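This is what each chain is made of:
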Amino acid sequence: MCGIAGYLQFDATAPALPLERMIDQLAHRGPDAEGSWYGPGVGLGHTRLSIIDLAGSAQPMASVDERLRVSFNGEILNYAALRKSLRYPFRTRGDTEVLLALFRQDGPQSVLHLRGQFAYAIYDAAAEEVHLFRDRMGILPLYYAVDEHRIVFASEIKALLAVLPPPQLDVDSLHDYLTYRSVHSPYTLFKGIQKLPP
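We now turn to the structure provided with this report. Since we're looking at a predicted model, the values are computed, not measured.

1. Observations regarding the overall build of the protein
Then comes step 1: Within the protein, the secondary structure is distributed over five helices and 10 strands.
Then comes step 2: Since a compact globule built from 198 residues should have a radius of gyration of about 16 Å, the 17 Å found for the protein is in line with a globular shape.
Then comes step 3: Its C-alpha atoms give the protein principal-axis dimensions of about 50 × 40 × 30 Å.
Then comes step 4: Considering only contacts within the protein whose residues lie at least 6 apart along the sequence, 53% involve residues at least 24 apart.
Then comes step 5: Surface summary for the protein: the accessible area is close to 10,000 Å², and the carbon and sulfur share equals 54%.
Then comes step 6: For the protein, the distance from the average position of its 19 positive side-chain charges to the average position of its 22 negative side-chain charges is 6 Å.

Listed below in structure tokens is the structure:
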């Protein structure tokens, strides 16, 4: 289990977010390593639990042309087969770099090739876009908040709370939780914070 966090600003005058505060809240998800990357109006963070390619695959990871950056939590079960099918100068032996190679080839549709449990963010510098993905079953979580200045996302709500104003309780979601013992995507117990659907 790893942790991911990040943001993309829509307003160039808005101050950068303290990404390190978000990463600190996710340290328990990835005790082996942590990393962050900043670009103009964007930041990606990662805490790593090393399972595949123990010595390599540090994140956030860049594509060979530096156009793409990824912060990834999960496991891609078919990464070895995908890797063999891709024409890409791989520098690591892990599944993370396969996400970059696939995105370079197929863009956001690349997620359709994946089998596994995952939540990840890819920043495309050429398009100045962040793409958020989550596995089909919704096994691994990914939360986000959007306002007029930015989108902020993380593996856990408490990482968002480290940089956002205190949120209000979403009474409708509380009702669902007390009635059904769950709050379905995209809702959470907090107004303004949503869960990315599977």
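Continuing now.
2. A look at the pairing of strand β2 (residues 33-39)
Then comes step 1: Pairing geometry for β2 and strand β3 (residues 42-48), over seven bridges, is antiparallel. Considered in β3, the bridge of Ala 33 is made with Arg 48.
Then comes step 2: Hairpin connection, β2 to β3: the antiparallel pair is bridged by two residues, and Gly 41 has positive phi, about 75°.

3. Description of the layout of surface pockets
Then comes step 1: Space inside the second largest pocket adds up to approximately 180 Å³.
Then comes step 2: Put simply, the parts of the chain that give the lining of the second largest pocket at least two residues each are β8 (143-146) and β9 (150-154).
Then comes step 3: The residue makeup of the lining of the second largest pocket, split by class, is nine nonpolar, two polar and three charged.

Criteria and cut-off values
Residues numbered from 1 in each chain as written. Predicted model: local features only at pLDDT ≥ 70, side-chain atom pairs only at ≥ 80, totals over all residues. Heavy atoms only, no water. Helix = DSSP H or I, 4+ residues; strand = E, 2+ residues; numbered from the N terminus. Rg over C-alpha atoms; globule rule 2.2 N^0.38 Å. Contact = heavy atoms within 4.5 Å. Areas by Shrake-Rupley, 256 points an atom, 1.4 Å probe, with all protein chains shown as cover. Lys, Arg positive; Asp, Glu negative; His and termini not counted. Charge placed at Lys NZ, Arg CZ, Asp CG, Glu CD. Pairing = 2+ DSSP bridges. 1 Å grid on protein atoms, 1.4 Å probe; cavity = no way out; pocket = protein on both sides within 12 Å on 5 of 7 lines; lining within 4 Å. Points joined across faces, edges and corners; volume = space filled by probe spheres on them. Nonpolar A, V, L, I, M, F, W, Y, C, P; charged D, E, K, R; others polar.

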